[in-house]
Amino acid sequence: MNPLIGIDLGGTKIEVAVLNHHGQVLYRHRQPTPVGDYRATVRCVADMVSLCIQEQQMAQPQAIGMAIPGCLDPTSQKVRGANSVVLNGKPLQADLQDLLQCTVHMENDANCLAVSEAVDGAAQGLSVVFAVILGTGCGGGWAFNGQAWRGQHGLAGEWGHNPLPWLGGQDHPARECWCGQTACLETWLCGPGLVADHEAHSGQSSSPPEIVAAMRAGQLQALSTWRRYVDRLARALAQIINTMDPDAVVLGGGLSQIPEIYTQVTPLLERHTFSRPIRTPIRPAMHGDASGVRGAAWLAR
Ligand SMILES: [Zn+2]
């Protein structure tokens, strides 16, 4: 069987990987994403795929998979909702299929994370998997039986643009989100959201690693910031459990690497779930930042 080619198109880097059908990585290559230039981005992706086919001495693939920020609008088939705004409104799938002469299966990057972890990662073999990216943004994605689920409008993973539930006295000031709404989960749970909340309550401008280091050192304001963060994450995930009751939740992105999340969020879930006990495993992505490109490759199966 021909190996599988996956592409992860991110705001700062493009990654191409080749997997065999056992999930072993045969080839991996990264390049910076051309800044603010759609044509150059398309050309860069096509060149990287061609180079990988050549170097791996592969037959021309019939299909490849691709993770993108945002999604394809089901009506126009153009990119929508990408924080790499140069992609929005562009027929990325059609343009790449023309250049590469093969089918390009395209999915939101959080959906690819869910697929990757459901197929052979932290949620291997589980039927209903919710994946969250806690990074510079906050995305959600679903995999059902190892397949990405996007919903009829491509909206199934847009968890990050629901408002924070079960508001308490410390949940202010609410911030406006780039999407046009106010108090979206993304504004609280992404890295810049953590930084902004810490600054609003302490007056100190610190990076997420600095806040975590200060929390571990017992610094009171950092401890308070961290308690608010895990409490908000628990509330946001309890709402997902009340809605879909997934078999597992997998976390990716930079903040997902903070081990305290996994010991502290789980005990907080039951305050807001409709029944208890809650056994939903919350796990870090096994494949780390390779989950996007791996999930993309599995789309090509
Ligand atoms: Zn929003």
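**Q** Kindly report on the sheet that holds strand 1 (residues 4–9), identifying the contributing residues and their values.
**A** Taken in spatial order, the five strands line up as 3-2-1-4-7 in an open sheet, and their pairing is mixed. Looking at strand neighbours, the two that pair on one side only are strand 3 (25–32) and strand 7 (103–108), the edges of this open sheet. The mean angle between the axes of side-by-side strands here comes to 20°, regardless of whether they run parallel or antiparallel. As judged from the six bridges shared by strand 1 and strand 2 (residues 13–19), these two strands associate in the antiparallel manner.

**Q** Can you tell me about unusual backbone geometry, naming the residues and giving the values?
**A** For residues that are not glycine, phi is negative in most cases, and the peptide bond is trans in most cases. P173 follows H172 through a cis peptide bond whose omega is 5°. Within the element layout of this structure, P173 appears in the loop between strand 10 (147–149) and helix 4 (185–189). The linkage connecting R276 with the following residue, P277, adopts the cis geometry, with an omega of 10°. Of note, N145 is a non-glycine position whose phi angle comes to about 50°, a positive value. The topology assignment puts N145 in the loop between strand 9 (138–144) and strand 10. Phi is positive for A183, which is not a glycine, with a value near 70°. A residue is classified by how much of its surface remains accessible, and A183, at 15% relative accessible area, is buried.

**Q** Tell me about the coordination of the zinc ion, and name the residues and values.
**A** The protein atoms donating to the zinc ion are H161 (ND1), C177 (SG), C179 (SG) and C184 (SG), with metal-donor distances spanning 2.0 to 2.3 Å. Seen from the zinc ion, its four donor atoms lie at angles of 104 to 118°, and the figure they make is tetrahedral. Sequence positions of the donors to the zinc ion reduce to the motif H-x15-C-x1-C-x4-C. Separated by 18 residues along the polypeptide, H161 in the loop between strand 10 and helix 4 and C179 in the loop between strand 10 and helix 4 bring together distant segments of the chain. When its relative accessible area of 34% is taken as the criterion, C179 is described as partly exposed.

**Q** With reference to specific residues and values, describe the side chain of R228.
**A** Looking at the secondary structure, you find R228 in helix 7 (residues 220–244). Within the structure, the side chain of R228 is placed 2.8 Å from the side chain of D197, a separation counted as a polar contact.

**Q** Can you explain the packing of helix 1 (residues 38–55) against helix 2 (residues 92–100)? Please cite residues and give values.
**A** Between helix 1 and helix 2, the least distance of the axes is 10 Å, while the angle of their chain directions is 45°. One way to sum up the angle between helix 1 and helix 2 is to call them oblique. Along this stretch, helix 1 crosses helix 2, giving a crossing that reads as right-handed. Judged by residue contacts, Y38, R39, V42, R43, V45, A46, V49 and S50 of helix 1 engage L92, D95, L96, L99 and L100 from helix 2. Of the residues belonging to the contact of helix 1 with helix 2, the class tally is nine nonpolar, one polar and three charged.

**Q** How would you summarise the domain arrangement of the protein if you had to cite specific residues and measurements?
**A** Along its sequence, the protein is organised into domain 1 (4–114 + 289–299) and domain 2 (125–285). Contact residues are listed per partner, giving 13 residues for domain 1 and 19 residues for domain 2. When the two sides are added together, the surface that domain 1 and domain 2 hide from each other amounts to roughly 1,200 Å², 59% of it contributed by carbon and sulfur. Among the residues of domain 1 in contact with domain 2, N111, L113 and A114 are the three that bury the most area, contributing 40% of the side total. Remark: the boundary between domain 1 and domain 2 carries one salt bridge. Taken together, the connections running from domain 1 to domain 2 amount to four residue pairs in polar contact (both at pLDDT 80 or more). Where the side of domain 1 that touches domain 2 is concerned, the elements lending two or more residues are strand 7 and helix 3 (109–120). Classifying every residue of the side of domain 1 that touches domain 2 gives six nonpolar, four polar and three charged.

Parameters at a glance
- Residues numbered from 1 in each chain as written.
- Predicted model: local features only at pLDDT ≥ 70, side-chain atom pairs only at ≥ 80, totals over all residues.
- Heavy atoms only, no water.
- Pairing = 2+ DSSP bridges.
- Helix = DSSP H or I, 4+ residues; strand = E, 2+ residues; numbered from the N terminus.
- Axes fitted to C-alpha atoms, helices over the stretch in contact; angles between N-to-C directions.
- Buried < 20%, exposed > 50% of the residue type's maximum accessible area, 1.4 Å probe, protein only.
- Donors = N, O, S within 2.8 Å, 3.2 Å for Na, K, Ca; no water.
- Tetrahedral: all angles 85-135°; square planar, octahedral: opposite > 155°, others 65-115°.
- Polar contact = N/O pair within 3.5 Å; in protein donor to acceptor, adjacent residues only side chain to side chain.
- Parallel < 35°, antiparallel > 145°, perpendicular 65-115°, else oblique.
- Left-handed = near helix turned anticlockwise from the far one by under 90°.
- Contact = heavy atoms within 4.5 Å.
- Nonpolar A, V, L, I, M, F, W, Y, C, P; charged D, E, K, R; others polar.
- Domains from an automatic or database assignment.
- Buried area = accessible area lost by both parts, 1.4 Å probe.
- Salt bridge = Lys/Arg side-chain N within 4 Å of Asp/Glu carboxyl O.

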